[in-house]
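# Structural characterization, general
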Amino acid sequence: MNHIHSESPSEILARLRATFRTGRTKPLEWRTAQLRALRTMLTEGGADLAAALHADLGKPSGDAYRTEIDFTIREIDHTLDHLEAWLAPEAVAAPRHLGPDASAWTQYDPLGVVLVIAPWNYPAGLLLAPMVGALASGNAVVAKPSELAPATAAALARLLPAYLDTHAVAVVEGGIPETTALLAEHFDHIFYTGNGTVGRIVMRAAAEHLTSVTLELGGKSPVFVDRGTDLDVVAERLARGKFLNAGQTCVAPDYVLTDPLTAAALEPALRRAIEGLYGTEPATSGEYGRIVNERHFDRLTGLLDSGRVVVGGGTDRTTRFIAPTVLADVDPAAPVMQEEIFGPILPIVTVSGLDEAIGFVNDRDKPLALYVFTESEDTRHRIADETSSGGLGYGLPVAHLTVLELPFGGVGESGIGSYHGRYSIETFSHRKAVLAKPLA
Ligand code: NAD
């Protein structure tokens, strides 16, 4: 499919739309064949993708498999196991005024030609996992990998056409000009993962064609640590979730809210947890990633004096290394608290207790995820009922997105719509309403 590069966006759209019109992508057999082919691509091309992820992000091989390659395989297997059942028409009761012989049901229709735009932080998984849903739903797909992860984008542009049906799937590489050109085209759905500024650009472009959008965005995901919790357990789980992919994870714990006494005890616990995960010299750890580029490195190092450095603080621009860092005594007005950190810096902000923590969260944008460490049932209920976030994790950050039976997505500033498992079918299909009344 190298010829794709010589095709303009409108030529690609016309070609894929023509394929879709033939009905080629609709049968269950085509959909499952694409999913199996994608699975084969991930097993045969897994090492290539892992090497590319290492080149782009210093991503440890284990993380590349766990969070992107095997993660997508799980999504594929889950979908293959359930797709036929998910797609079955659902009968509903027809109302009495239509007579006893009337029947009604819903049927899932593919949307048509969909665009998937991926970010750089999980540049394989966040392109492929939405594609699983798009293909399972019977759509033709234009896939746009992130130019900020160039090795992974190149590997995907080479691998995807070698395994998938090139009549119905196209990969378009490129940055802002190429994406802008794509967005001018009429898609039937746009699935965008990335930041809210570009999310708005995508939604504006989609509005021109009345195209529906899914926006998987980010923001600051808070953590509340209650008094009286086992802080060694808390610190270990927090550090794992925060410093995975050097903090460049959309659902990474962004900052900690806790009372002053707990904060004081959490500091040494976090130091121990970080040393346990990455040793005393994280720069030499094979388990720790790098910042994606110099621009983000400079942005992040500019946030390091937002508080007292408890652990970490070391940086090396030539290797784009920033040590796992914890900042204490952080003022809510400090720079690190003004934007999504998206890097390995964990600020601790003190509050008087649960009421102030809930107020703090509700004073800000609705987060993609909210995490709570508490032994109190009452605290769990209050957080669940009094705050709004894309997802909620008690006792374990990040992992809720591995539960494929749960919808994954944001709310408000953290996004629109959701996916994973059957929610991907909802996202990439139209649920058509059907009424039938016999003629005689
Ligand atoms: P990015 O810079 O790679 O951008 C994402 C995509 O948008 C790329 O494909 C890029 O080419 C395109 N793009 C960039 N500027 C554009 C423009 N002006 N016009 C059209 N297209 C444009 O990734 P990013 O936004 O830096 O990613 C990080 C953000 O993504 C964070 O906010 C993070 O929280 C969020 N994120 C969310 C999820 C989620 O699932 N909700 C997952 C990962 C990342």
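## Things to note about the environment of Thr25
Here Thr25 lies in the loop between helix H1 (9-22) and helix H2 (28-44). Exposure remark for Thr25: the relative accessible area of 0% places this residue in the buried category. Residues Thr25 and Ala136 lie 111 residues apart in sequence; the distance between their C-alpha atoms is 9.3 Å. Beyond its immediate sequence surroundings of up to four residues, Thr25 is in contact with Phe20, Trp30, Arg31, Gly138, Asn139, Ala140 and Ala168.

## Some points on the packing of aromatic side chains
Applying the stated rule across the entire model yields seven aromatic pairs. Arranged with centres 5.5 Å apart and planes meeting at 20 degrees, the rings of Phe191 and Phe428 form a pair that is stacked. With Phe191 in strand E6 (residues 189-193) and Phe428 in helix H14 (residues 422-428), this pair connects stretches of sequence that are 237 residues apart. Ring pairs connect the aromatic residues Phe191, Phe408, Tyr419 and Phe428, which therefore count as one cluster. The ring of Tyr394 is capped by Arg380, whose NZ or CZ atom sits 5.8 Å from the centre of that ring.

## Considering the sheet that holds strand E5 (residues 169-171)
The strand order across the open sheet built from six strands is E5-E4-E3-E6-E7-E17, with neighbouring strands paired in mixed fashion. Unpaired on one side and paired on the other, E5 and strand E17 (415-416) mark the two borders of the sheet. As defined by bridge partners, strand E4 (residues 140-144) adjoins E5 across three bridges and the pair is classed as parallel. Within E5, the residue paired with Ala143 across the bridge is Val171. Of the strands in this sheet, strand E3 (113-117), E4 and E5 are in contact with H1, which crosses E4 at around 150 degrees. The strands that helix H5 (residues 125-136) touches are E3, E4, E5 and E6; relative to E4, the one it contacts most, it runs at about 170 degrees.

## Here we look at the pairing of strand E16 (residues 391-394)
Residues of E16 alternate between two faces, with Gly391 and Gly393 buried on one and Leu392 and Tyr394 left unburied on the opposite face. Of the strand pairs in this sheet, strand E15 (residues 369-373) and E16 are connected by four bridges, and their pairing is parallel. In the strand pairing of E16, Tyr371 is matched with Gly393. The handedness of the E15 to E16 crossover, carried by helix H13 (residues 377-386), is right-handed.

## Overview of unusual backbone geometry
Unlike most non-glycine residues, Leu210 shows phi in positive territory, near 50 degrees. Its location among the elements puts Leu210 in the loop between helix H8 (196-208) and strand E7 (212-216).

## Let's talk about the site of the ligand
Near the ligand lie 28 residues; those nearest to it are Ser146, Glu147, Asn195, Leu217 and Glu340. Between Trp120 and the ligand, the recorded distance is 3.0 Å, taken from a side-chain N or O atom to an oxygen atom. Contact between the ligand and Gly194: an oxygen atom at 3.1 Å from a main-chain N or O atom of the residue. Against a free-state accessible area of 850 Å², the protein chains account for coverage of 93% of the ligand. Elements with a contribution of two residues or more to the shell around the ligand: helix H7 (176-183), E6 and H8. Ranked by residues supplied to the shell around the ligand, first place goes to H7 with three residues. Of the residues contributing to the shell around the ligand, the split by class is 17 nonpolar, seven polar and four charged.

## Brief notes about the packing of helix H3 (residues 46-57) against helix H4 (residues 61-87)
Between two packed helices, what matters for the description is the angle formed by their axes and the separation of those axes. Relative to each other, H3 and H4 sit at 115 degrees, their axes nearing to 10 Å. The two elements H3 and H4 cross, and the hand of that crossing is right-handed. Along the contact surface, H3 presents Gly46, Ala47, Leu49, Ala50 and Leu53, while H4 presents Ala64, Tyr65, Glu68 and Ile69.

## Quick word on helix H10 (residues 260-278)
With 19 residues, H10 should reach 27 Å at 1.5 Å per residue; the first-to-last C-alpha distance of 27 Å fits that figure. Of all the bends in H10, the largest measures some 30 degrees and sits at Leu266, one to four residues before the proline Pro268. Buried within H10 we find Thr262, Ala263, Leu266, Glu267, Ala269, Leu270, Ala273, Ile274, Leu277 and Tyr278. Considering only its buried residues, H10 is in contact with strand E8 (221-225), helix H9 (231-243), strand E9 (253-258), strand E10 (308-311), strand E13 (325-328) and strand E14 (345-350). Of the residues flanking the start of H10, the one acting as N-cap is Asp259, its side-chain oxygen 3.2 Å from the backbone nitrogen of Leu261. Just downstream of H10, Gly279 is the residue with a positive phi angle, here 75 degrees.

## Points about the pairing of strand E2 (residues 103-110)
One ladder, built from three bridges, connects strand E1 (residues 90-92) with E2; its direction is antiparallel. Considered in E2, the bridge of Val92 is made with Ala104. Alignment of E2 against strand E18 (residues 429-436), held across eight bridges, turns out to be antiparallel. Considered in E18, the bridge of Ser103 is made with Ala436.

## Brief notes about the environment of Tyr371
Relative to the assigned elements, Tyr371 resides in strand E15. Judged by relative accessible area, Tyr371 falls into the buried class, the value being 1%. Distance from Tyr371 to Val223, taken between C-alpha atoms, is 4.6 Å for residues 148 residues apart in sequence. Setting aside its immediate chain neighbours within four residues, Tyr371 contacts Ser221, Pro222, Val223, Phe224, Val251, Ala252, Pro253, Gly393, Leu396, Pro397, Val398 and His400. One polar contact links the side chain of Tyr371 to the main-chain amide nitrogen of Val398, over a distance of 3.1 Å.

What counts, and where the lines are drawn
Residues numbered from 1 in each chain as written. Predicted model: local features only at pLDDT ≥ 70, side-chain atom pairs only at ≥ 80, totals over all residues. Heavy atoms only, no water. Helix = DSSP H or I, 4+ residues; strand = E, 2+ residues; numbered from the N terminus. Buried < 20%, exposed > 50% of the residue type's maximum accessible area, 1.4 Å probe, protein only. Contact = heavy atoms within 4.5 Å. Phe/Tyr/Trp six-rings, centres within 6.5 Å; stacked < 30°, edge-to-face > 60°. Lys NZ or Arg CZ within 6 Å of the ring centre and 35° of its normal. Pairing = 2+ DSSP bridges. Axes fitted to C-alpha atoms, helices over the stretch in contact; angles between N-to-C directions. Right-handed = clockwise from strand over helix to strand, strands pointing away. Near = heavy atom within 4 Å. Polar contact = N/O pair within 3.5 Å; in protein donor to acceptor, adjacent residues only side chain to side chain. Areas by Shrake-Rupley, 256 points an atom, 1.4 Å probe, with all protein chains shown as cover. Nonpolar A, V, L, I, M, F, W, Y, C, P; charged D, E, K, R; others polar. Left-handed = near helix turned anticlockwise from the far one by under 90°. Expected span 1.5 Å × (residues − 1). Bend = angle between axes of the 7 residues up to and from the residue.

Keep in mind these numbers describe shape, not what the thing actually does.
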